[in-house]
Amino acid sequence: MPATDYQGSTAGFPSFGRSVFSFQRDQVHSMDAANNNHDSGAGNLEVDLDAFQRQVANRFHDLWSSASASSTPEGLLSVGWVRKLLDAFLCCQEEFRAVLFNHKAVVFRHPVDRMVSDYFERSVKALDVCNAIRDGIEQIRQWHKLLEIVRCALDNQRSLGEGQFRRAKKALIDLAIGMLDEKDYNTTVAHRNRSFGRNNPSAGRDHRHLGHFRSLSWSVSRTWSAARQLQAIGNNLAAPRANEVVATNGIALAVFTMNSVLLFVMWALVAAIPCQDRGLQVHFSIPRNFSWGLPMLSLHERIMEESKRRDRKNVCGLLLEIHQIEKCSRVMSELTDSVQFPLTEEKDVEVRQRVNELSQVCEAIKDGLDPLERQVREVFHRIVRSRTEGLDYLGRANHSE
Amino acid sequence: MAENGEEKWLAVARHIAKTLGRNDTMADDILQIFSNFDGRFSREKLSEKVGEEDPRAYAALEQTIKALERQISQYVTADQPIWVDSADSSSFLDAIDELIATVRDWTPMAGDKTVGACLIRAEDLMQQAMFRVEDEFRLLMERGGESLELSRTYGNGESTGNLSFDSEDEDEGVGISCDNGEDQQIPTARPITDYDIVIDALPSGTINDLHEIAKRMVAARFGKECSHVYSSCRREFLEESFSRLRLQKLSIEEVQKMAWQDLEDEIERWIKAANVALRILFPSERRLCDRVFFGLASAADLSFMEVCRGSTIQLLNFADAVAIGSRSPERLFKILDVFETLRDLMPEFESVFSDQYCLFLRNEAITIWKRLGEAIRGIFMELENLISRDPAKGPVPGGGLHPITRYVMNYLRAACRSRQTLEQVFEESASPLPSKDDRDSSSSLSVQMAWIMELLESNLEAKSKIYKDPALCSVFMMNNGQYIVQKVKDSELGLLLGEEWVRKHNAKVRQHLMNYQRSSWNKVLGVLKPDNSSLAPNVAARLKEKLKLFNQYFEEICKSQSMWVIFDEQLREQLRISVTKLLLPPYESFVGRCQNVPEIGRNVERNIKYGSEDIEARINNLFRGSGGSAGGRKSR
């Protein structure tokens, strides 16, 4: 429910649009001028490229170290960490863009132009991932709502009775169903019907409503697959050969780096957040000889490990907060199953303590999701913007040939 | 019940006195205040029980709850839907009201053991009642929709929305209803032209029932459940409506890979769907939501957002995908349609999505609308690239109209039919600072158009170099220049480029005409010029020689230039006249001179091949084109 104002991001556009006009009028001129400056610009280029590599490396080292320090609010795959990851992407992308546009004369010409437009094509594929992730965040929000019902049922009451627990339990079961993978869904609904039949005369009668907490659908077509999309982004992505590096004044390295960042970030998003047909088996070839290679590889390994852990194998997203929702709802379910009425004082204390924990999880999610969604949108907008800009320049470069 | 109510009040007053009064005297004072305040709190009723349990009040509470248990459990276990019978439903609601009131009134005293135990029972009862009511709520939502479905099939459900939103041929509509067997009854109704309709998706009575339930659920702190059921049902309805509008869920990549023709169809459907959604469906949902959750603003706003979010994002994602897609110039017109649709729907976005939860949807719409503007500018950029990169493949025979001229001019004319929109699009990108005074003389769009014309002209200039004959080169420029001016003059383009531009380009055409005359006729005219040595003795021979030369040149020109093309009839006529005027007087005087020479004059018939009429006739034969293929036909 983010009341986001995107005026900020759109305000960035006119400045580029304006440049189109001034450019058009003395376009032949500026192209020539750029050619003449070619040699003098090359020195700067090297500096800029180095700075870019350093930036990427710093960002990934940073991501690695927060992932390793377990107690920070930015631990691996937490909402905080994912936001940091997106931040890293935005910064790298911005720096990359600066490199491109500060060295237009080299960049938007053969042979670099093809590499750059290749990057733009890959980044367009990432847009669908961003949209899917947005759906996924909405999904988490639905789970959060169910958790809030649990909290509402058991919180802030002087006396807890069976009624409140039944209410909590219903929400917990809906939550459990909601968090199932698509494939396990049907079998479990049947089970829910059985287990929830008692004490609630209406539940057995009306089967249809069981699916209601699940009816949130994806905004993409049924056949869309996050795994396939990731594969498409990573398709034919290989470190440039030495001669390519020379022929492009080193820009090929920057393009490869940005491609890798794009792929990794999208992959990590898919790993963390529910989306249609998740799959993490994407071919990654991260060469170690890049300064960012090692932290990226290590993060990749850590996330893969995480996905293979027994308790996380079949989850719909590796996001830490999803794990917390699961843990919380499991604990609460056990509790609701085991309580006897009237509650003993001891049990009462325990329930209140659990509800307290649950409230904290709820708060963290409530505070984290909106900014996360805004950031995913920002990534989307930035990708579009820099691609638009790039296409403009690519078009014009050809145009003056 | 009245007596129960009084007992309750008394118990509350006693409880307050007991809690606030630190000693008996203070409690007594408090009770005194109560008794002064209202006769019902008389000292006798109150004071005797201070400081001790009140079996009478508790007994009343017990009794109330017992009664409520009896009543409510009878409904909770009912096999039939309760809301089919209004007597049942209203007494169920009454029981719930009493339960809610009881819980509310006694909660301050929950610390008391007996009261606490009663409250637990009450809460238990509440939960059962709420679960049942939630089911009834869902049932009403679903049944309400169905009954309308039914009334639709009978054809005359006036305000109930007998719509198919489909202005296309009926075959398709019929085809669809046959596909999904059960829904065969979906009427393919009259097409919608007027969007000023509100659908009542549920009958008014049902809406009232829903409102009554919602009120209770919110009061019992079951608002989240209520809103959730509500939005899941309505969301399903909206999704169903969208699929009836035959709108697909497409990823950006799918849109990019789609064949343009298919995408055009999809855009057509999208435009219809967007209008129906923003002008009919969403406002109707808003109204329904506001009625069901009347007086519960926050629940209403949240529920409405949950209902519309997915569909709105689906709509916007498609527009976004179109904006991000290819910049091929042929796409301009459809993208303009999408841009205009979103622009025209902005007031609807504003009014429907104005609350805090929906604001982000409105902002998204604005962002994507702007992005479509960028896409349009991108298309013009691509057009520029295509024009300036268009290679000179081979000469157009006879110096006629080049296809690029025709393409670009007709394209721009068509584009300028959306002049106002384009002006808006280009104004967005222009710097707001310069030329406030002479705004109309050079809008951003005029600058853009002038720039494209310049690109076209310089491209044509390059293409003209392919002709070896400079006269033919001029004819080519004249033809294309004339075409450009004509297409500009009688359209919006003329208004954009301005009279000055037209004047300048008319002058250019004349210049090309002069160039043509010079390079093609100067040699001939040179022959006809009287030379000063005409008194010389060999004058007859020289004139004979000249006559021969003239005939030769003239025939050559006529031969080649009869194959040339002036596509514009008027220009062709004008050109012939001016050539005739140019040639005939010197020729006639030349012939006169010849006739004065006896050697030639004696044998006029044999020596002078062309009379004035012949010359004129031959000139009128010029520019006929080769078999009328390239430029012979009148082009439009």
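Predicted model only: the values in this text are computed from it and were never measured. Residue numbers restart at each chain and count upward from 1, following the sequence in its written direction. Starting at A for chains and at 1 for ligands, labels are handed out in the order in which the entities are written. A pLDDT threshold of at least 70 governs which residues receive local features in this predicted model, and a stricter bar of 80 or more applies before side-chain atom pairs are shown or counted, although totals over entire chains, interfaces and linings include all residues. Heavy atoms throughout the structure, all of them, feed into the side-chain values; hydrogens and water do not.

Attention shifts here to the overall build of chain A. Each helix is a run of H or I in the DSSP string that is no shorter than four residues. Each strand is a run of E no shorter than two, and both are numbered from the N terminus. Regarding its fold elements, chain A presents 16 helices and 0 strands. Here chain A holds 401 residues, and 59% of them are scored as buried. Contacts: residue pairs with any heavy atoms within 4.5 Å of one another. When contacts within chain A are restricted to residue pairs at least 6 apart in sequence, long-range pairs at least 24 apart make up 78% of them. For chain A, the accessible area works out to roughly 16600 Å², and carbon and sulfur atoms hold 49% of it. Here's how the labels work: a residue is buried when its accessible area is under 20% of the maximum for its type, exposed when over 50%, partly exposed in between, all with a 1.4 Å probe on protein chains only. Note that accessible areas follow from Shrake-Rupley with a 1.4 Å probe, and for residues the cover is restricted to the protein chains shown.

A count of helical and extended segments in chain B gives 26 helices and 0 strands. Taking all 636 residues of chain B together, 53% fall into the buried category. Expressed as a percentage of contacts within chain B between residues at least 6 apart in sequence, the contacts between residues at least 24 apart total 80%. About 29300 Å² of surface is accessible on chain B, with carbon and sulfur atoms providing 51% of the total.

On to the UniProt feature "transmembrane region" (unreviewed entry) in chain A, then. UniProt positions are given in the numbering used here, feature names are shortened, and annotations may be inferred rather than shown by experiment. Taking the UniProt record as the reference, the feature "transmembrane region" (unreviewed entry) is found at residues 251-273 of chain A. With 96% helix and 0% strand, the stretch residues 251-273 of chain A has end C-alpha atoms that lie 33 Å from each other.

Let us now look at the environment of Gln360 of chain A. Along the chain, the position of Gln360 of chain A falls in helix H16 (residues 345-399). Residues Gln360 of chain A and Leu90 of chain A, spaced 270 residues apart in sequence, show a C-alpha to C-alpha distance of 30 Å.

Another aspect to go through is the pattern of salt bridges. By definition here, a salt bridge exists when the distance from a side-chain nitrogen of Lys or Arg to a carboxyl oxygen of Asp or Glu is within 4 Å. Taken as a whole and assessed by the stated rule, the structure comprises 60 salt bridges over all chains. With a shortest N-O distance of 2.9 Å, Asp370 of chain A and Arg141 of chain A are connected by a salt bridge. Here Arg141 of chain A lies in helix H7 (residues 112-154) and Asp370 of chain A lies in helix H16, a separation of 229 residues in the sequence. The class of Arg141 of chain A is buried, set by a relative accessible area of 3%. Between Asp337 of chain B and Lys334 of chain B there is a salt bridge, and its shortest N-O distance comes to 3.9 Å. Highlighted residues: Asp337 of chain B and Lys334 of chain B, both in helix H14 (residues 332-352), separated by 3 residues, approximately one helical turn. Here the residues in one salt-bridge network are Glu94, Arg97, Glu378, Arg382 and Glu389 of chain A, joined through shared partners.

It is worth spelling out the packing of aromatic side chains at this point. When two rings of Phe, Tyr or Trp (its six-membered ring) have centres within 6.5 Å they constitute a pair, described as stacked for plane angles under 30 degrees, edge-to-face for angles over 60, and tilted for the intermediate range. As enumerated under the stated definition, the model contains 31 aromatic pairs over all chains in all. Aromatic ring contacts, followed pair by pair, group Trp521, Phe550, Phe554, Tyr587 and Tyr610 of chain B into a single cluster. The ring of Phe131 of chain B is capped by Lys170 of chain A, whose NZ or CZ atom sits 4.3 Å from the centre of that ring. A cation sits over an aromatic face here: Lys523 of chain B above Tyr553 of chain B, 4.5 Å from the ring centre. Geometrically, a lysine NZ or arginine CZ counts as sitting over a ring once it is within 6 Å of the ring centre and also within 35 degrees of the ring normal.

Turning our attention to the side chain of Lys145 of chain A. Residue placement: Lys145 of chain A occurs in helix H7. Residue classification places Lys145 of chain A among the buried positions, given a relative accessible area of 14%. Not counting the four nearest positions on each side in its chain, Lys145 of chain A is found in contact with Lys224, His228 and Glu306 of chain B.

Summarising the element assignment, Ser221 of chain A is placed in the loop between helix H10 (201-205) and helix H11 (226-234). The class for Ser221 of chain A is buried, based on a relative accessible area of 12%. For the pair formed by Ser221 of chain A and Gln276 of chain A, sequence separation is 55 residues and the distance between their alpha carbons is 9.5 Å. With residues up to four places along the chain from it excluded, the contact list for Ser221 of chain A reads Gln276 of chain A together with Lys249 and Glu254 of chain B.

On to the confidence of the model for chain A, then. All names here are of chain A. Think of pLDDT as the predictor's per-residue confidence, scored from 0 to 100. Counting all residues, the mean pLDDT for chain A is 80, and 77% of those residues have values of 70 or more. Low pLDDT, under 50, characterises residues 1-42; the stretch is placed with 70 contacts to residues that sit more than four places away or in other chains. Counting interchain partners and residues more than four positions distant, the pLDDT-below-50 stretch residues 192-215 has 48 contacts.

Residues and elements named next belong to chain B. Only a pair of cysteine sulfur atoms within 2.5 Å counts as a disulfide in this structure description. All told, the structure shown has 0 disulfides over all chains when counted by the stated rule. This cysteine, Cys226, is not joined by any disulfide, and Cys289 carries the nearest cysteine sulfur, 9.8 Å off. Taking the relative accessible area as the measure of exposure, Cys226 reaches 0% and is therefore buried. The cysteine Cys558 is free of any disulfide, with Cys594 supplying the nearest cysteine sulfur at 18 Å.

Next up on the list: unusual backbone geometry. Residues and elements named next belong to chain A. With an omega of 0°, the peptide bond running from His110 to Pro111 counts as cis. We note that Asn236 has phi near 55°; this positive angle belongs to a residue other than glycine. For Asn236, the location among the structural elements is in the loop between H11 and helix H12 (242-247). You will see that Asp277, though not glycine, has its phi angle at about 50°, which is positive.

Residue and element names in this part refer to chain B. For helices, the fitted line uses only the C-alpha atoms of the stretch in contact; every axis is such a line through C-alpha atoms, and the angle between N-to-C directions lies from 0 to 180 degrees. One can describe the packing of helix H15 (residues 359-389) onto helix H17 (residues 419-429) by two numbers: an axis separation of 9 Å at closest approach and a directional angle of 95°. Taken as axis vectors, H15 and H17 run roughly perpendicular relative to one another. Contacts from Trp369, Lys370, Gly373, Ile376, Arg377 and Phe380 in H15 reach Leu422, Gln424, Val425, Phe426, Glu428 and Ser429 in H17. Classification used: nonpolar for Ala, Val, Leu, Ile, Met, Phe, Trp, Tyr, Cys and Pro, charged for Asp, Glu, Lys and Arg, polar for all others including Gly. Grouping the constituent residues of the contact of H15 with H17 by class yields 6 nonpolar, 3 polar and 3 charged. Should an angle lie under 35 degrees it is considered roughly parallel, over 145 roughly antiparallel, and from 65 to 115 roughly perpendicular; all remaining angles are considered oblique.

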